[in-house]
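# Structural description and commentary
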Amino acid sequence: ACVSFVAAFSGREGVHARQWSSPTGKGGYSPVHAPFTPAVARQHLLGDVTAGVYPIRHDGTVRWLVLDVDIRASELQRTRGTAALTRLLRLAHAAACALLDTCARHQLSALLEDSGNKGRHLWLLFEEPVPAAAAKRLGEGLLAATEGIAPEINVEVFPKQARLPSDGLGNLVKLPLGVHRVTGRRCALLDAGGAPLARPLAALSAHP
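Described in the following lines is the structure provided in the data block. (Residues numbered from 1 in each chain as written. Predicted model: local features only at pLDDT ≥ 70, side-chain atom pairs only at ≥ 80, totals over all residues. Heavy atoms only, no water.)

## What about the layout of surface pockets?
In this structure, the largest pocket encloses a volume near 680 Å³. Taken together, 28 residues form the lining of the largest pocket, with Q19, Y29, N117, K118 and H180 sitting closest to its centre. Where the lining of the largest pocket is concerned, the elements lending two or more residues are strand 2 (27-32), strand 4 (61-71), helix 4 (84-105) and strand 8 (173-174). Per element, the largest residue contribution to the lining of the largest pocket is 4 residues, and it comes from strand 4. For the lining of the largest pocket, a count of residues per class yields 10 nonpolar, 10 polar and 8 charged. The computed volume of the second largest pocket comes to approximately 190 Å³. Considering the residues around the second largest pocket, the lining is formed by S4, A8, R63, L125, F126, E127, L204, S205, H207 and P208. Sorting the residues of the lining of the second largest pocket by element identifies helix 1 (2-9), strand 6 (119-131) and helix 6 (200-206) as the ones contributing at least two each. It is strand 6 that provides the largest number of residues to the lining of the second largest pocket, a total of 3 residues. (1 Å grid on protein atoms, 1.4 Å probe; cavity = no way out; pocket = protein on both sides within 12 Å on 5 of 7 lines; lining within 4 Å. Points joined across faces, edges and corners; volume = space filled by probe spheres on them. Helix = DSSP H or I, 4+ residues; strand = E, 2+ residues; numbered from the N terminus. Nonpolar A, V, L, I, M, F, W, Y, C, P; charged D, E, K, R; others polar.)

The following block contains the structure:
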């Protein structure tokens, strides 16, 4: 399972990231200049560490595309700790489902994930590596073709860059099925109703 997980979600060679959290409630990511291996994947799946990967490989290709659906920061700040946050989370899930529908219309399958904090991730896995620029255009096209996303919700496309940055690693994505270090929530794969999949690794193995 760990080998399959690495094969599905691998990114930049020779580096991955680990999420950290502080007692003050802050969090972030630190690069680890070592490969994302099955051993690291096992730690991630067990919840011992939380790993992220940088999508663009040295040859300028990617193995996956992510649509990152989040409550806008201004809305989150305004509603944190109130009943209105529940409504916003429902809007984020509805936006993710609208994107799932768009993918289906284009004969594309996506994995739906609870990002563990303020929204959803949609993962589209490629059978073979594709140019990052093409993956970015695909994600932007799917977003442009999707109607009904509430103004309180923001969607970002990963990879954010069309080519490998010359001066850094670019933007990373936290991997699914781990534990969000700040919220303590498991980042489960979900069905369209929002319920966690009973056998997520089996669903990942069977995913086209």
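Having seen the model, we can carry on.
## Points about the sheet that holds strand 6
Backbone-to-backbone hydrogen bonds pair the strands of a sheet. The strands run either parallel or antiparallel. If you walk across this open sheet you meet the 5 strands as 7-4-6-5-9, and the pairing is antiparallel. Edge positions in the sheet fall to strand 7 (153-158) and strand 9 (189-190), since each of these pairs with one other strand and no more. The pairing of strand 5 (residues 111-114) with strand 9 spans 2 bridges and is classified as antiparallel. The partner of E113 across the bridge, within strand 9, is L189. Relative to the sheet, helix 1 contacts strand 4 and strand 6, its axis offset from that of strand 4 by approximately 85°. Sheet strands touched by helix 5 (residues 132-144): strand 4, strand 6 and strand 7. Its angle to strand 6, the strand with the most contacts, is close to 140°. (Pairing = 2+ DSSP bridges. Contact = heavy atoms within 4.5 Å. Axes fitted to C-alpha atoms, helices over the stretch in contact; angles between N-to-C directions.)

## Points about unusual backbone geometry
Note: most residues except glycine have negative phi, and most peptide bonds are trans. The omega torsion across F158 and P159 is 15°, close enough to zero to call that bond cis. Turning to its location among the elements, P159 is positioned in the loop between strand 7 and strand 8. Even without a glycine there, the phi angle at Q107 is positive, about 55°. Owing to a relative accessible area of 68%, Q107 belongs among the exposed residues under this scheme. In this structure, L177 takes a positive phi of about 70° despite not being glycine. Tracing the chain through its elements places L177 in the loop between strand 8 and strand 9. (Buried < 20%, exposed > 50% of the residue type's maximum accessible area, 1.4 Å probe, protein only.)

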